[in-house]
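# Summary of structural features
Residues per chain are reported as follows:
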Amino acid sequence: MIIQHAHQGVTDDVFLRLDGFLPGSEVFLKLEGLNPAGSIKLKAAVGMVEDAERDGTLGSTRRLIESSSGSLGIALAMVAAGKGYSFTCVTDPNVSPQSLATMRALGAEVVQVDERDANGGFLGTRIAYIHKRLDEDPGLVWLNQYANPANPATHARTTAASILRSIGRVDQLFVGAGTTGTLMGCVSHFRAHSPRTKIVAVDAEGSVTFGDRPRPRHIPGIGTSRRPELCVPEAVDEVIHVAEPDAIRMCRRIARERGLLTGGSTGSVLAALDRAGPFIPSGSCVVALSPDMGERYLQTIYHDEWVDRTFGDQVLERRDVSCLHLSV
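The text that follows walks through the structure, step by step, so that each part is easy to find. Quick caveat: nothing in here was measured; it's all calculated off a predicted structure.

This part covers the sheet that holds strand β6 (residues 141-142). Pairing in this open sheet of four strands is parallel, and the strands run β5-β4-β3-β6 from one edge to the other. Each end of this open sheet is capped by a strand with a single partner; those strands are β5 (109-112) and β6. Bridge count for strand β3 (residues 63-67) against strand β4 (residues 86-91) is five bridges, and the pairing is parallel. Within the sheet, the bridge partner assigned to Arg63 lies in β4 and is Ser86.

Right under this line is the structure:
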């Protein structure tokens, strides 16, 4: 592959077969973090920017602003650098130190809000800040990943199509829900081309996207404190809410057993699949999406002191018990 710009290096066809994860069935983990931006968000970033270029939204302005917990911010910083735009990312205290450093290294301005919104998260505060900046500077362009139809359209055209092209028959698809761009894109494509596939949305406990009671959360990339405009809850077949400690334990289990560092969203998706396993018919073909890799979370999810400080020692203690149980 020879590309002209870094943001063109999208990988969309790498799957890890998780033999033995779901006894009696095949499980494929779609690895989305192997592109230059390190996450599935590169596809959304390119799709939204190029859509805005085509329809004239960007016009003569060369200034972008977006709210992100990290991954889309990195992807947009990469796209902006390649296309000569300036970019401001509005984020919050849950962003990983590595993501912050990466965005800044790519030339982005990074603004961190620290006041929680009415639902205990930061998304509402991030968006309020963006509206303030737009009022002050009408030439600034907000792509708005939470409502932009180019977000799910990109994933319908790429992510979902790649799954069916590479795997063929898919009985169940597990997708984490953040902005729900990936989820809604998969729903659109699968309903048209594989309507019998059961689509399971995976959300974080404390996220309001699918109606759970709002609570503070610490792992970026999954869950919201404000339902995204893109989300159509009734379009999915099932929703599984995963506690953050369970996501962390799964991340650490996959690292030890499979040699793969994954992010918290992947840990949540696989924890949901593990929970649903007894109810999945034998002989099924299951695909789970892994949005990014785990290097950005070495100081959080994989750092014992952070885990102990954030969740208490029960996570690490239960992790050890789980490890012993799984090895029997």
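Taking 1.5 Å of rise per residue, the 13 residues of helix α2 (residues 71-83) would be expected to cover 18 Å, and the 18 Å separating its terminal C-alpha atoms lies within 8% of that figure. In terms of burial, α2 is a largely internal element, 10 of the 13 residues being buried. Taken as a whole, α2 has its buried residues at Ser71, Leu72, Gly73, Ile74, Ala75, Leu76, Ala77, Met78, Val79 and Ala80. Looking at the packing, one finds that the buried side of α2 touches α1 (41-55), β3, β4 and α3 (97-105). Count one or two residues on from α2 and you reach Gly84, which has phi positive near 80°.

Let us now look at the packing of α2 against α3. Where α2 contacts α3, the two axes come as close as 9 Å, and the packing angle between them is 15°. With respect to α3, the axis of α2 lies roughly parallel. Between α2 and α3 the crossing geometry is left-handed. Here Gly73, Ile74 and Ala77 of α2 lie close against α3, whose contacting residues are Ser99, Thr102 and Met103. Looking at the contact of α2 with α3 residue by residue, the classes come out as three nonpolar, three polar and no charged.

Glancing now at the nonpolar core. Core analysis: the biggest nonpolar cluster contains 37 residues, and Phe174, Ile248, Leu270 and Leu273 have the highest contact counts within it. Those elements that provide at least two residues to this core are β2 (26-31), β8 (198-204), β9 (238-242), α7 (244-258), α8 (264-276), β10 (285-290) and α9 (304-311). If one sorts the elements of this core by residue count, α8 sits on top with six residues. Sequence-distant contacts of Ile248, defined by excluding residues within four places in its chain, comprise Ile219, Ile301, Trp306, Val307, Phe311 and Val315. Listed in part, the 29 residues of the second largest apolar core include Ala77, Tyr85, Cys89 and Met103.

Cut-offs applied
- Residues numbered from 1 in each chain as written.
- Predicted model: local features only at pLDDT ≥ 70, side-chain atom pairs only at ≥ 80, totals over all residues.
- Heavy atoms only, no water.
- Pairing = 2+ DSSP bridges.
- Helix = DSSP H or I, 4+ residues; strand = E, 2+ residues; numbered from the N terminus.
- Expected span 1.5 Å × (residues − 1).
- Buried < 20%, exposed > 50% of the residue type's maximum accessible area, 1.4 Å probe, protein only.
- Contact = heavy atoms within 4.5 Å.
- Axes fitted to C-alpha atoms, helices over the stretch in contact; angles between N-to-C directions.
- Parallel < 35°, antiparallel > 145°, perpendicular 65-115°, else oblique.
- Left-handed = near helix turned anticlockwise from the far one by under 90°.
- Nonpolar A, V, L, I, M, F, W, Y, C, P; charged D, E, K, R; others polar.
- Core = buried A, V, L, I, M, F, W, Y, C linked by side-chain atoms within 4.5 Å.

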